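# A closer look at the structure
Listed here are the chains, written in short residue letters.
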Amino acid sequence: MEGPELVALLSGRRVAVLTGAGISTDSGIPDYRGPDSPPANPMTIRQFTSSRAYRQRYWARNHLGWRHMAQTLPNAGHRALAHLERAGVVTGVITQNVDLLHTKAGSRNVINLHGTYAQVVCLGCGHTMSRAALADQLEAANPGFAERAERLGGIAVAPDADAVVAETESFRFLDCPACDGMLKPDIVYFGESVRKEIVAQAYSLVESSDALLVAGSSLTVFSGYRFVRHAAALGIPVAIVNRGATRGDDLATVKVDSGCSPMLALLADELSGLMSA
Ligand SMILES: [Zn+2]
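Residues numbered from 1 in each chain as written. Predicted model: local features only at pLDDT ≥ 70, side-chain atom pairs only at ≥ 80, totals over all residues. Heavy atoms only, no water.

To continue, consider empty space enclosed by the protein. Overall, the coordinates contain one cavity of 30 Å³ or more when judged by the stated rule. Considering the residues around the largest cavity, the lining is formed by Leu10, Val15, Val17, Leu81, Leu84, Val89, Val90, Leu213, Leu267 and Leu271. Those elements giving two or more residues to the lining of the largest cavity turn out to be strand S1 (15–19), helix H4 (76–86) and helix H10 (260–276). (1 Å grid on protein atoms, 1.4 Å probe; cavity = no way out; pocket = protein on both sides within 12 Å on 5 of 7 lines; lining within 4 Å. Points joined across faces, edges and corners; volume = space filled by probe spheres on them. Helix = DSSP H or I, 4+ residues; strand = E, 2+ residues; numbered from the N terminus.)

Turning our eyes to something else, we now look at the coordination of the zinc ion. The coordination sphere of the zinc ion contains the protein donors Cys122 (SG), Cys125 (SG), Cys176 (SG) and Cys179 (SG), at a distance range of 2.3 to 2.4 Å. Around the zinc ion sit four donor atoms; with metal-centred angles ranging over 101 to 116 degrees, the donor geometry is tetrahedral. (Donors = N, O, S within 2.8 Å, 3.2 Å for Na, K, Ca; no water. Tetrahedral: all angles 85-135°; square planar, octahedral: opposite > 155°, others 65-115°.)

Right, let's get into the environment of histidine 230. Mapped onto the secondary structure, histidine 230 falls in helix H9 (residues 222–233). As for histidine 230 and glutamate 207, which are separated by 23 residues in sequence, their C-alpha atoms are 8.5 Å apart. Setting aside chain neighbours within four positions, we find histidine 230 in contact with Tyr203, Val206 and Glu207. (Contact = heavy atoms within 4.5 Å.)

Turning our attention to the sheet that holds strand S8 (residues 238–241). Sheet strands line up and pair through hydrogen bonds in the backbone, either parallel or antiparallel. The strand order across the open sheet built from six strands is S3-S2-S1-S7-S8-S9, with neighbouring strands paired in parallel fashion. Of all the strands in the sheet, just strand S3 (110–112) and strand S9 (254–256) have a single pairing partner and so form its edges. The mean inter-strand angle of the sheet, taken between neighbouring strand axes irrespective of direction, is 15 degrees. For S1 and strand S2 (residues 90–95), the ladder comprises five bridges, and the chain directions are parallel. (Pairing = 2+ DSSP bridges. Axes fitted to C-alpha atoms, helices over the stretch in contact; angles between N-to-C directions.)

Along helix H1 (residues 3–10), the residues that are buried comprise Gly3, Leu6, Val7, Leu9 and Leu10. The buried residues of H1 all sit within an arc of 165 degrees when viewed along its axis, so they share a single face. Facing away from the buried side of H1 by over 90 degrees, the exposed positions are Pro4 and Ala8. Positive backbone phi, approximately 75 degrees, marks glycine 12, located one or two places after H1. (Buried < 20%, exposed > 50% of the residue type's maximum accessible area, 1.4 Å probe, protein only. Arc of directions from axis to C-beta.)

With their axes 10 Å apart at the nearest point, helix H8 (residues 196–207) and H9 run at an angle of 35 degrees to one another. Viewed along their axes, H8 and H9 form a crossing whose handedness is right-handed. Within the contact between the two elements, H8 uses Val199, Ala202, Tyr203, Val206 and Glu207 and H9 uses Arg226, Phe227, His230 and Ala231. Split by residue class, the contact of H8 with H9 holds six nonpolar, one polar and two charged. (Left-handed = near helix turned anticlockwise from the far one by under 90°. Nonpolar A, V, L, I, M, F, W, Y, C, P; charged D, E, K, R; others polar.)

Read across the sheet, three strands follow the order S5-S4-S6 without closing on themselves; strand pairing throughout is antiparallel. Edge strands, defined here as strands with exactly one partner in the open sheet, are strand S5 (128–130) and strand S6 (183–187). Strand-to-strand twist of the sheet, defined as the mean angle between neighbouring strand axes without regard to direction, takes the value 40 degrees. As judged from the three bridges shared by strand S4 (residues 115–122) and S5, these two strands associate in the antiparallel manner. Looking across to S5, one finds that glutamine 119 is bridged to serine 130. Contacting S4 and S6, helix H3 (residues 52–71) runs over the sheet at an angle of about 35 degrees to S6. Helix H6 (residues 131–141) contacts S4, S5 and S6 of the sheet and is inclined by roughly 80 degrees relative to S5.

Remember that the coordinates give geometry; whether it matters functionally is a separate question.
Given below as structure tokens:
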């Protein structure tokens, strides 16, 4: 454990944080890329848009999975970052997760790089609606579906609110109420890019901070890795807390091979008194 080195690096610095799936595993959301990850084929945007049968299966699973995502609670790692923001240490959190657990834990400045499970967007006209509102409509179009599937059991919750269920062929999904276009969870899938203004916000958070802390990401995806490269190029020190190797290890001043919850709780203990004093 390189806890003392990590504390020494971040002491007296205003810290931007980048989080990935590893911070949410202690909340029961599996990490597709972690060392203990289950086998999975993440959906691509092309699969979604090119097949009606695929969308039907997707929405049937999502109709079940999103409730589990909505009921998930933040853990000690999320709470530690919210505490550090209130103490003036953390400037904001850029997250690759769509689970909203930072917001639920009380973090205020959160940049949801890949969107969230709680909103739905029309690919045709850009109309957005809450996932909860869509849930009511899907429930009305498929009375009893969720209860029957729950009784079958065996539902595994994945990072994109997908869930495993066998019987989906009778499921009725809905198109955009404004233009009849395709509705999609407002989540960035493989093959899609993060919106420019979101990326700009995240760069600006990194630039206005004295350090970048990466927590629970292997930085496999460029959408997160670019902020580590940006910080390193500007001479802003980078600290990484992650179980297993990451793509940013060579750019890190300190790397701690650890789960997020204990290490972030340690940081909250050690750092929160310093800035507010
Ligand atoms: Zn539309």
